[in-house]
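# Coordinate inspection notes
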Amino acid sequence: MKIFHLYYLDKKSEISPNRSYNLGRNWDNCIILPEKSVSRNHAVLEGRGDHFILRDLGSTNGTYIEGERITEMPLRENAKFRIGSCNLEIISREADLTPSENLPSDTMLFENRISKLMKEVEDPGIAGKIEGLKQFFNSKRESLSLKANKDGLTGLYNRRYLDEKLNEEIERAVRYKRPLSLIMIDIDNFKKFNDAYGHQKGDEVLITVARILKVTSRNMDILCRYGGEEMAFILPETTPDHAMVMADMCRQRICDNVEQEAGVRVTISLGVAGVSPRCSTTEELIAAADRALYRAKHNGRNRVEWEET
């Protein structure tokens, strides 16, 4: 199984050859390139199952592969291309066992033994079986790693992952002076809802809300279950103004769709805050978004509030 990563500016995003990605300066693109030379909707990277096609969307400054301006062209493996003045690169690799100091000792022992066996075995048939074992082990390890970062009920990322990613994104935003926003979300009157309908129905609502929020998110956004009925959106390259638009879109979609899917009316309240010189740590950003969320609750629920930072 191949894994594809797109490298651009100072970021790395995992991309799938089974979907497409819009690239441009607008905040609602899957891949945001916030440079003046990039058009608002510049190009699209189309997955074709085992490779990608790069297609220009009539941009002003063009899309280039190996110095040649293109309209549409398939990309070779480990391809480099240019969007306006931004250089991008797709790097693919086979899912593999990579040595790491963070691996448990028994995992590293297994890895070292496999590597040693691969060097010693001359029979191609046996070497193939060992390679198959290695791939199987790697897929299981990746599955366990994914489960460790996911909430078991909603399938969203969990609080531990939120803290890790938010800290990384804040460091990047502060270092490169880029916008970053956080949305805190709370299902209104959820305790009363559980008391009236039971916890099983409550779980169904949580799953439905999480799914709708996930569908509403962009590829670059990070949606997590913060705890209980609270969820959080990390929005890289997004100003608080744009985060407010995103938050209200989420609010409206929950109002419009949960009742149809889960059979009960549900609303959410949301608080928005952005990184600033006075708000530049994980704790400060979460606290600011929480204060905005509290005001949304206090001012009648089913609304979005913003905390100026």
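This part takes up the nonpolar core. Ile183, Val205, Val209, Leu213 and Phe233 are the most contacted members of the largest nonpolar core, which totals 32 residues. Where this core is concerned, the elements lending two or more residues are β12 (180-187), α4 (190-197), α5 (199-216), β14 (230-236), α6 (240-262) and β15 (268-274). Looking at which element gives the most residues to this core, the answer is α6, with seven residues. Apart from residues no more than four positions distant in its own chain, Val205 is found in contact with Ile187, Phe190, Phe193, Ala262, Val264 and Val266. In this structure, Tyr8, Ile31, Phe52 and Ile90 belong to the second largest nonpolar core, which totals 23 residues.

The geometry of α5 relative to α6 is characterised by a closest axis approach of 9 Å and an angle of 135 degrees between their N-to-C directions. What the angle tells us is that α5 and α6 run oblique. Our pair here, α5 against α6, has a crossing hand that is right-handed. Counted together, Lys201, Glu204, Val205, Thr208, Val209, Arg211, Ile212, Leu213 and Thr216 of α5 and Met246, Met249, Cys250, Arg253, Ile254, Asn257, Val258, Glu261 and Ala262 of α6 form the full contact between these two elements.

Turning next to the sheet that holds strand β5 (residues 43-47). Pairing is mixed in the open sheet, where five strands are placed in the order β4-β3-β5-β6-β9. Each end of this open sheet is capped by a strand with a single partner; those strands are β4 (31-32) and β9 (72-74).

Helix length check: α5 (18 residues) gives 26 Å between terminal C-alpha atoms against 26 Å at 1.5 Å per residue, within 8%. Where α5 is concerned, the buried positions are Gly202, Val205, Leu206, Thr208, Val209, Ala210, Ile212, Leu213 and Thr216. Elements that come into contact with the buried residues of α5 comprise β12, α4, β13 (222-227), β14 and α6.

This paragraph deals with the pattern of salt bridges. All chains considered together, the criterion is met by 21 salt bridges. Here Glu169 ties to Arg172 by a salt bridge, and the two come within 3.3 Å at their closest N and O atoms. Here Glu169 pairs with Arg172, and both are found in helix α3 (residues 159-176), just three residues apart, close to one helical turn. The exposure classification of Glu169 matches that of Arg172, with both residues buried.

Scoring rules and cut-offs
- Every chain is numbered independently, its residues counted from 1 as its sequence is written.
- Two thresholds apply to this predicted model, a pLDDT of at least 70 for residue-level local features and 80 or more for giving and counting side-chain atom pairs, whereas whole-chain, interface and lining totals are computed over all residues.
- Here the side-chain values reflect all heavy atoms present in the structure, with hydrogen atoms and water set aside.
- What we call a nonpolar core is a set of buried Ala, Val, Leu, Ile, Met, Phe, Trp, Tyr and Cys residues that are connected through their side-chain atoms within 4.5 Å.
- Any residue under 20% of the maximum accessible area for its type is buried, any over 50% is exposed, and the rest in between are partly exposed; the area is computed with a 1.4 Å probe on protein chains only.
- Secondary structure counts use DSSP, requiring at least four H or I residues in a row for a helix and at least two E residues in a row for a strand, with both numbered from the N terminus.
- A contact between two residues is defined here by any heavy atoms of the two lying within 4.5 Å.
- Fitted lines through C-alpha atoms give the axes, limited to the stretch in contact for helices. The angle between two N-to-C directions lies from 0 to 180 degrees.
- Angles below 35 degrees are treated as roughly parallel, those above 145 as roughly antiparallel, those between 65 and 115 as roughly perpendicular, and all remaining angles as oblique.
- Definitions for this section: a left-handed crossing has its near helix turned counterclockwise from the far helix by less than a right angle. A right-handed crossing has that turn clockwise.
- At least two bridges found by DSSP between two strands are what make those strands a pair.
- To estimate the expected span of a helix, subtract one from its residue number and multiply by 1.5 Å.
- Take a side-chain nitrogen of Lys or Arg and a carboxyl oxygen of Asp or Glu: if they are within 4 Å of each other, that pair is a salt bridge.

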